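Each chain, written out:
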Amino acid sequence: MKLKVNEFEQSEIDEIKNNFNLSDISSKILLSRNIRTHEEIEQFLNPDFKYFEDASHYKDLVKGCQRILQAIDNGERILIYGDYDVDGITSISQFFILLSKAGAKVDYYVPERETEGYGLSTDFVNCLKTGDIKADLLITVDCGIAEVEKIKEITNFSKDVIILDHHQCKEEIPDAYAVINPKQKDCPSKNKQLCASGLSFKFLKHLNTYLKIEDIEEVLLELACLGTIADIVDLIGDNRIIAKNGLKKINDTRIIGLKKLIEVSGINVKEIESYHIGFIIAPRINAAGRMDSAKKAIELMLTNDEDEAEKLAFELESLNVLRKQTEQEIFDEAVKKIETNFLYKKNAIVVYGENWHEGVLGIVASKLTEKYERPSVVISIKDGIGKGSARSLEYLDIFEAFKKNDLYLEKYGGHKLAAGLTILEKNISSFANALNSYIGNISLSHFDYREIESDAMLKISDVNFSLYEEINKFEPFGAGNPKPVLILENVAMKNIKKVGRYGNHLSFVLSDEGMDIPVIGFGKINILEKVLTRPPSYAVTLSLNEFNGKKSMQLVLLNVEEREELDYKIDDEKVRMLNSILNKTKSKIIKTDIFVLVERFNHLYNAKITADEIICILKKTNNIQYALKNDMLYIKK
């Protein structure tokens, strides 16, 4: 693990510092994100709608709006078809709300994940054909860009289709009435990273310049904000404008269902931030489509009845609990297969199981990618057909990897970091081999070491409420605008211990020049050994700790840099004491909690040894074999 800190000319830093009344550190954060001109900084600090890109820059957007106006005037039946995740749900809801207010004959359709899968389902197309589902104009949101054949089939029986999608485009674009997707090669827009919900908001905001429906765009903005943060798109440009202004509206939400969901989920803070959307609200909305039907989440967003909203919010809460249980079961089973078959040694992990719940495959893939630091594909097999989700890392465009090996796939789609697929069970092994070969042929220098990009160096004396509040002006944080990563270098660590209900968090203090700052490492027990080898630098973020009404600053540990060679002078007396303890144990392999060993050592010898000293001694002593797994220390005598 290497920590990379960008260097800048002091004149650049001073110019930002003086023009915008910011600290050196905040100025460096802006520069490290390539936000450097006066206009860029002004727009970043004040993401106002005056900077919103003109909707007419998006290919076919105006054409699509004109077709909807025509459909409303002619009394045509409009059907909104969308995906079952937060992005799709909030896109459908936006269209339904505005078109209903405009007096349109509008309905929506959301497929069932288990029976119909992602995209335009065959059942839906057949129902359109037979007239069981009636529509004169079909609008697809968050899907459709990959459905060349099905769009052709629908248009062949005199149905106009407007596609509004943000997924990667293949070579052939569907021949629809209008295709609004900023990723089209000939779309001149500069904001390419909008999700479907943000794109829907831009579309409907322009449509409303003709409809002129009052007091509605703030509700649409709330929904667009939910989808934008939940879909993990880069929070820059138009996305930042949507997220920043949308969060203000969500904090005083006019959506009854969202208000009830916030209450039921136990969010009790003065201000809802991007974290609460991404990690608390979005999973509950997604749980509807994962474990039951996404219709429940759409109904929650659309209802004006408080009792119904509360009932639906509790249903989503229950479904989220079920989702967590199911996800953990599949994750545990997948890990067992990976460990047994040494799949973690591959360039990419491809793991599959019978009848795994398709609704949680993406989450399981994310957890496996995080655990093994490998792209992961998780597939559920039913009747010889596999449906799966993939998650990747920055160095591998997983959509492109699927594209290069699509002869093994029945269907696929997605982004650089996340994708979905359908594959015959008999092709999984060949696909896994081909995928691993493809990755093996691209640059894999990341395997030598992993680099963490940081925004600025930090001294303990820099940490104060003023800096914390200043950095908070850079909210909302998320993809494309992560929480600033700061580096503390050449500081001393003391008082390390494991904390938390399950002992999976680390707590310690960093010291420098007579000043201390507390550090908390949430879920960082897995890097305990790296922390104990006296790292040269620490990657952290600033955090506010509130306890018993008192506020204090703390740091949140992200990772540490690893030394190529341990710089530690062995204390022979402490080595003798450690050997004495080890020799008193009859077992050839000693297993002990490292923190228990420290207590025992100091109780016996009053030596004031620390956990990091024990690990440094074991590392520097050639005749002792050891392994530290989380907090459990194994020593072979």
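The structure we're discussing is the one just above.
Note that this is a predicted model, so its numbers are computed, not measured.

1. Structural notes on the sheet that holds strand S5 (residues 160-164)
Logical step 1: The five strands are arranged S3-S2-S4-S5-S6 in an open sheet whose pairing can be described as parallel. A single partner strand is all that each edge strand has here, and the edge strands are strand S3 (105-109) and strand S6 (178-180). Strand-to-strand twist of the sheet, defined as the mean angle between neighbouring strand axes without regard to direction, takes the value 15 degrees.
Logical step 2: In this structure, S5 lies alongside S6, joined through three bridges in parallel fashion. Its bridge partner lying in S6, Ile163 is registered against Val179.

2. What about helix H1 (residues 10-20)?
Logical step 1: Turning to H1, its buried residues are Ile13, Ile16 and Phe20. Projected down its long axis, H1 shows its buried positions confined to an angular sector of 70 degrees, all on one face. Facing away from the buried side of H1 by more than 90 degrees, the exposed set consists of Ser11, Glu15 and Asn18.
Logical step 2: Elements that come into contact with the buried residues of H1 comprise helix H2 (24-32) and helix H3 (38-45).
Logical step 3: Directly after H1, the chain includes Asn21, whose backbone phi takes a positive value near 55 degrees.

3. With respect to the state of the cysteines
Logical step 1: By the definition in use, this model includes zero disulfides.
Logical step 2: Looking at Cys127, it has no disulfide partner, and the nearest cysteine sulfur is the one in Cys143, 16 Å off.
Logical step 3: With relative accessibility at 26%, the residue Cys127 sits in the partly exposed group.
Logical step 4: With no disulfide of its own, Cys187 lies closest to Cys169 among cysteine sulfurs, the gap being 9.2 Å.

4. A closer look at the packing of aromatic side chains
Logical step 1: Taken as a whole, this structure holds 16 aromatic pairs when the rule is applied.
Logical step 2: Ring-pair connections join several aromatic residues into one group, and the members of that group are Phe49, Phe52 and Phe201.
Logical step 3: Against the face of Phe44 rests Arg240, its NZ or CZ located 3.8 Å from the ring centre.
Logical step 4: The ring centre of Phe331 lies 4.5 Å from the NZ or CZ of Lys367, which sits over that ring.

Cut-off values and rules
Residues numbered from 1 in each chain as written. Predicted model: local features only at pLDDT ≥ 70, side-chain atom pairs only at ≥ 80, totals over all residues. Heavy atoms only, no water. Pairing = 2+ DSSP bridges. Helix = DSSP H or I, 4+ residues; strand = E, 2+ residues; numbered from the N terminus. Axes fitted to C-alpha atoms, helices over the stretch in contact; angles between N-to-C directions. Buried < 20%, exposed > 50% of the residue type's maximum accessible area, 1.4 Å probe, protein only. Arc of directions from axis to C-beta. Contact = heavy atoms within 4.5 Å. Disulfide = S-S within 2.5 Å. Phe/Tyr/Trp six-rings, centres within 6.5 Å; stacked < 30°, edge-to-face > 60°. Lys NZ or Arg CZ within 6 Å of the ring centre and 35° of its normal.

Nothing here speaks to function; it is geometry throughout.
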